[in-house]
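# Architecture at a glance
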Amino acid sequence: MDRGLVVETQDLTAILAAVRLPQAWRYNRGEGAMVAVVEADGGHAGMVESILTAGAPGCRIYPVAPPADPAGLTAEGTLTVLGQLEALARELGRPVIANFSWEVGRENLVLPCSDLVASTVRRLSESGLVLTCWAAGNSGPSPSSAALAGFCCTNATPWSVSVGALDRRLRSQPYSSALGRCSPLHPTVSAPTYGMVPYDGGYQDLGEEGGGTSACVPLAAAALAIMMTQWPGRRFQDYRAALRASARTLGLLGPLGSPTAGAGLLQADRAVAAVPLARVHPSWPLETAVLGPLSGIRRQGR
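Residues numbered from 1 in each chain as written. Predicted model: local features only at pLDDT ≥ 70, side-chain atom pairs only at ≥ 80, totals over all residues. Heavy atoms only, no water.

## Let's talk about unusual backbone geometry
One non-glycine residue, Arg 20, lies in positive phi territory at about 60°. Look at Arg 20 and you get partly exposed, because its relative accessible area is 21%. With phi around 65°, Leu 170 is a residue other than glycine that occupies positive phi space. Within the secondary structure, Leu 170 sits in the loop between strand 5 (161-166) and strand 6 (189-192). (Buried < 20%, exposed > 50% of the residue type's maximum accessible area, 1.4 Å probe, protein only. Helix = DSSP H or I, 4+ residues; strand = E, 2+ residues; numbered from the N terminus.)

Here you go:
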């Protein structure tokens, strides 16, 4: 192997090892799992797809481009994408993992805890069609500005997966979002990102910030692809609970961990092993209680 390539790929190799994706390959490599990558930007999409295929080499990737909208992604556009994903799942006759890694932080971006989007995310999850996996966001841990701006920080709903960002020392990245207007008020799990990141057909050195929470989502999506291949036909609740049950707590107490790291560091192989026993984990009540966002979901009694 070319020495330059070794230098470029060593950060990604270390990140994959930290979340134990290579160890999960003793089960499978996500063969047959369908992961839809929802992206509009070529370079950003390339980063997400490269990390995803490094983590679950056997998965199938289905690119989905959001409707063009110079003002940002609208509620209508988000629902259009979710409709495409539902149609894909029905056509394939199998569940689809949806990787949402677009950059957040602008008021006009519609995120999963908005009323219409959250109700659709819930329906697709409970029907076993589409499990959405979102970047927690790069708006920082302060709840005040996010709440006033009208967008939620962690892109979390009770029926999806949200992924925060850690640095190379497994501390929460300063930009990784927390609190805000979502419920739960924390990501599901977190993963590291730093240094050389695959981008637009090559590698870019993105320093200690890495690729943001966007680069962490495909690590969780890869783990889910392996989990769903190993344990097909389970309810999405089992997969989400297994992610939390198996996470490395990073010294945090309780099933939820911290606002920025969630249950802790993603551990892919342990998540696969945890699926059959996920319902006995202390975090399981999160999958049986309705923790609706601070919006119409609760008002509607859903």
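## Comments concerning the sheet that holds strand 5
A sheet is described by the order of its strands in space; here six strands give the open sequence 2-1-3-4-5-6, paired in parallel fashion. The sheet is open, and its two edges are formed by strand 2 (60-64) and strand 6, each paired on a single side. If you compare each strand with its neighbour and ignore which way they point, the axes differ by 25° on average. Relative to strand 5, strand 4 (residues 130-135) is paired through three bridges, and the arrangement is parallel. Pairing of Cys 133 across the sheet is with Val 161, part of strand 5. Each of strand 4, strand 5 and strand 6 is contacted by helix 8 (residues 236-246), which is oriented at about 35° to strand 4, the strand it contacts most. (Pairing = 2+ DSSP bridges. Axes fitted to C-alpha atoms, helices over the stretch in contact; angles between N-to-C directions. Contact = heavy atoms within 4.5 Å.)

## A look at the pattern of salt bridges
One pass over the full model with this rule turns up eight salt bridges. Two residues, Asp 269 and Arg 20, come together in a salt bridge whose shortest N-O distance is 2.8 Å. A residue pair is termed long-range when its members are at least 10 positions apart, and Asp 269 in helix 9 (residues 268-274) and Arg 20 in the loop between helix 1 (3-18) and helix 2 (21-24) qualify at 249 residues. Residue Asp 269 is classed as buried on the basis of its relative accessible area, which comes to 3%. Close ionic contact of Arg 122 with Glu 126 constitutes a salt bridge, the shortest N to O distance being 2.9 Å. Taken together, the residues Arg 122 and Glu 126, both in helix 5 (residues 115-126) and four residues apart, mark about one turn of the helix. Under the relative-accessibility criterion, Glu 126 is labelled partly exposed at 42%. Connected via shared salt-bridge partners are Arg 20, Arg 26 and Asp 269. (Salt bridge = Lys/Arg side-chain N within 4 Å of Asp/Glu carboxyl O.)

It is worth stressing that arrangement in space is one thing and function is another; only the former is reported here.
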